[in-house]
Structures are given as C-alpha cells and as structure tokens.
Amino acid sequence: MESSREQIKILHLQGLTNIQIRRKLSHLNLSRLFVYRTIKRYEETGTIVPKKKPGKKRSVRTPAVIKAVKERIRRNPARSGRKMAREMNMSHFAMQTILKKDLGLKAFRKQKIHGLTSKNIADRVTRSRLLLKTHAGHNFIFSDEKLFTLEAPMNKQNDRVYGTCIREVPRDKRAVERFQNASAVMVWGAISTKGKLPLLFIDKGVKINKNYYLEHVLQDHLEPYAKKLFGNDSFCFQQDSAPAHKASIVQEWCKEHLPCFISASEWPASSPDLNPLNLDGFKTRLLKIWDEMPDEMVRAACNDFQKRLRAVIKCK
C-alpha cells in the first residue's frame, strides 16, 4: 500500500486528476475513496502516511483492576478465575487475560499428597537421620509394587466429543466402558545404582501375602538378579512397610540372606516420596518404558536418595 500511495502522490504532483490517476494505475485496482484520501492527506499534512487509529481504551483491564486481582491471588492463589470474574463484574475472558497476560500466571492442577500426622512428621525426621548415619555410602536396590487396572483412561472434566446431538456420535467415541471386575495386574520392580532388575508380573488373582512375597519375589526374583547385577559387591535392599514386607519371616530372611537391608523399623511410614522408584502406567507400556529407561536416569535417582533424606530433616 505504501508504494501505491507514493505513485498516487507522484502523479498528483504531475497535475493529473483523481480519475486520471485511477486510470493510470488501473493495474493496481485502486478504489476512488483510496485515491481521494491519499491526496487529501498529502495536501493537509504533507505526508502520505495514514493517521493511526487510536486503540480501544481499556474499560476493564485497568491498572487498578490488575492490581486488585494480583492482591487477591497473593492472599489466596487457589482462587477460581470464574468466581473472581463474577465478583469483579467482568467476563471470564477478561479475567483470564489479566491472569495470563498482565500477571504472567499459569494455572496448575492441585496435587494429591500423603497426609502426615504429627507423629509421622517427627518419625520421618528421626528415621531419615538414622538412615543417613547407618547406610551412608551403600549401593541401594529400591523396590516397589503396584496394582494396575487395565481400563481406558478418562478425564471427566476435560474429555469431550463433538456433534450436533449425542446420538450422532459413535458409541465407541462417546463412552468409556467400565467393568465391576476390571482386569488388573500386579507389578513388582526394582532399580539400583548399577541398573534395573527385570519387572516381575504377579499372576492374576494371587494375593501377595508374606509367604508368596518371600518365595516368589525375594527368593526367586530379587536374590538371583541382585547377585547377577552386583556380583560380589555389597548392596542395601529397600522395601516399604506393606504388611507382607514387614512380616517377621520376611524381615528375618532379609537379615540372613542379603548383605544389607532397610528394616521395617527403619523405613519412615507414609513416605513414598523417599523412594526413587514410583511405578505408574499400564502393563502394555511398562515393559517398553522399563527397557528404554536410561541407566543414567536410574543412577541419578538412586544417588538422589540421601538428598531426599536431608531435605526431610531440613524441612522438619
């Protein structure tokens, strides 16, 4: 457009009329109003640059409103954007613009964490100090087991299907099946500073009591693979305080057959955050994820254990 205005100015200075200019520049397909306004602008101001239109004056996102929103979030960061918009008599879109653009805030989902009683808190600090003192410098094997329900995932809040009416959407797209007795699989895994142990899938319907855990998990799986992984090197075995784990028969076997282990009396209760291994996902993906997990990541997670203990003590 700038080149068109420049050509109009040149022809105007040569004495051509508006109609003659349009004919001369017919290949540009210029409107009569465009030529008229360009010449008028040049005659009045001596420039062909069009005057900038003033932007729309802010009526809602004023500095005072932005400051008020910022103060509300400072007092309570868990506020609802929609509720604040209603309280401050503005649209939800305007509120989101203030939060994201003006204040640079992002929305995060709340996280579920294990609740800790005052006894748990004191116990975590005490046992973390004890673990740092008695097991410093050890090579660890961290273990965990989890029951996975094999069902398609669904987010009730965000998963949507589109259609003019619900009946037009195919059933397999608008519904996620749930069964009372859904298929499930129990998985036991372990990682160490020297790598991963193979995953162990527990047979369907098997209840992991102290006898099953001792025979099939510790004796048949952990012991041979740990020896293969560590050879003659020493290691320290970790397990949580599940009933089968802290049974006296299991604790005695660990004491007699393993170089070192964290006993049930040493491991802090309600402390999944201290275990670098946290199984999650589905069986169809677990093997692939497990096999592709870099040893560098495994070693880093294991080496981070003592930092976690110190963090518990520091934060009390």
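Structure: above.
What you see is a predicted model; the values in this text were computed from it and never measured.

Quick word on unusual backbone geometry
- Non-glycine residue Asn 29 carries a positive phi angle of around 55°.
- Residue placement: Asn 29 occurs in the loop between α2 (18-24) and α3 (32-45).
- One non-glycine residue, Asn 89, adopts positive backbone phi at about 55°.
- Relative to the helices and strands, Asn 89 resides in the loop between α5 (81-87) and α6 (92-102).

Points about the pairing of strand β2 (residues 184-192)
- β2 sits mainly inside the fold: seven of its nine residues count as buried.
- The pairing of β2 with strand β4 (residues 200-202) spans three bridges and is classified as antiparallel. Paired with Val 187 across the strands is Phe 201, a residue of β4.

As for the packing of helix α1 (residues 2-13) against α3
- At their nearest, the axes of α1 and α3 sit 10 Å apart, and the two run at 70° to each other. It follows from the interaxial angle that α1 and α3 lie roughly perpendicular. α1 and α3 meet at a crossing whose hand is right-handed. Within the contact between the two elements, α1 uses Ser 4, Arg 5, Ile 8, Lys 9, His 12 and Leu 13 and α3 uses Phe 34, Val 35, Thr 38, Ile 39, Tyr 42 and Glu 43.
- Looking at the contact of α1 with α3 residue by residue, the classes come out as six nonpolar, three polar and three charged.

Comments concerning the side chain of His 135
- Tracing the backbone shows His 135 in the loop between α7 (118-134) and β1 (140-149).
- A distance of 3.1 Å separates the side chain of His 135 from the side chain of Glu 266, its partner in a polar contact.
- Residues contacting His 135, with those up to four places away along its chain left out, are Phe 140, Cys 236, Cys 260, Phe 261, Ile 262, Glu 266 and Gln 306.

Notes on helix α4 (residues 63-75)
- With 13 residues, α4 ought to run about 18 Å at 1.5 Å a step, and its terminal C-alpha atoms sit 18 Å apart, in line with that.
- Within the sequence span of α4, burial applies to Ile 66, Val 69 and Ile 73. Summarising the axial view, the buried residues of α4 lie within an arc of 65°, below the 170-degree limit, and thus occupy one face. In α4, the exposed residues that point more than 90 degrees away from the buried face are Pro 63, Ala 64, Lys 67, Arg 74 and Arg 75.
- In this structure, the buried residues of α4 make contact with α5 and α6.

Here we look at the packing of aromatic side chains
- For the structure on display, the rule yields five aromatic pairs.
- Judged by centre distance (4.9 Å) and plane angle (65°), the ring pair of Phe 140 and Phe 305 falls under edge-to-face. Taken together, the positions of Phe 140 in strand β1 and Phe 305 in helix α14 (residues 305-315) put the pair 165 residues apart, joining distant regions of the chain. One exposure class covers both Phe 140 and Phe 305, and it is buried.
- Here a set of aromatic residues connected by ring pairs shows up, and it is made of Phe 140, Phe 142, Trp 267 and Phe 305.

Observations regarding the nonpolar core
- If you look at the biggest cluster of nonpolar residues, it comprises 26 residues, and the most contacted ones within it are Val 187, Ile 191, Ile 262, Trp 290 and Phe 305.
- Every element with two or more residues in this core is listed here: α7, β1, β2, α12 (283-292), α13 (295-303) and α14.
- Considering each element in turn, this core owes the most residues, four residues, to α14.
- Sequence-distant contacts of Trp 290, that is, excluding residues within four places in its chain, are made with Gly 189, Ala 190, Ile 191, Lys 196, Leu 197, Pro 198, Leu 199, Leu 277 and Leu 279.
- Residues Ala 190, Leu 197, Tyr 213 and Val 250 belong to the second largest nonpolar core, which totals 23 residues.

A few points about the pattern of salt bridges
- Scanning the entire structure with this criterion turns up 14 salt bridges.
- We note a salt bridge from Asp 273 to Arg 124, for which the minimum N-O separation is 3.0 Å. Here Arg 124 lies in helix α7 and Asp 273 lies in the loop between α11 (248-257) and α12, a separation of 149 residues in the sequence.
- When the shortest N-O distance is used, the salt bridge between Lys 194 and Asp 233 registers 2.4 Å. Placement of Lys 194 in the loop between β2 and β3 (195-196) and of Asp 233 in the loop between α9 (210-230) and β5 (236-238) is noted, with a sequence separation of 39 residues between them.
- By relative accessible area, Lys 194 is classed as partly exposed at 35%.
- Taking the relative accessible area as the measure of exposure, Asp 233 reaches 39% and is therefore partly exposed.

Calculation criteria
- Residues numbered from 1 in each chain as written.
- Predicted model: local features only at pLDDT ≥ 70, side-chain atom pairs only at ≥ 80, totals over all residues.
- Heavy atoms only, no water.
- Helix = DSSP H or I, 4+ residues; strand = E, 2+ residues; numbered from the N terminus.
- Buried < 20%, exposed > 50% of the residue type's maximum accessible area, 1.4 Å probe, protein only.
- Pairing = 2+ DSSP bridges.
- Axes fitted to C-alpha atoms, helices over the stretch in contact; angles between N-to-C directions.
- Parallel < 35°, antiparallel > 145°, perpendicular 65-115°, else oblique.
- Left-handed = near helix turned anticlockwise from the far one by under 90°.
- Contact = heavy atoms within 4.5 Å.
- Nonpolar A, V, L, I, M, F, W, Y, C, P; charged D, E, K, R; others polar.
- Polar contact = N/O pair within 3.5 Å; in protein donor to acceptor, adjacent residues only side chain to side chain.
- Expected span 1.5 Å × (residues − 1).
- Arc of directions from axis to C-beta.
- Phe/Tyr/Trp six-rings, centres within 6.5 Å; stacked < 30°, edge-to-face > 60°.
- Core = buried A, V, L, I, M, F, W, Y, C linked by side-chain atoms within 4.5 Å.
- Salt bridge = Lys/Arg side-chain N within 4 Å of Asp/Glu carboxyl O.

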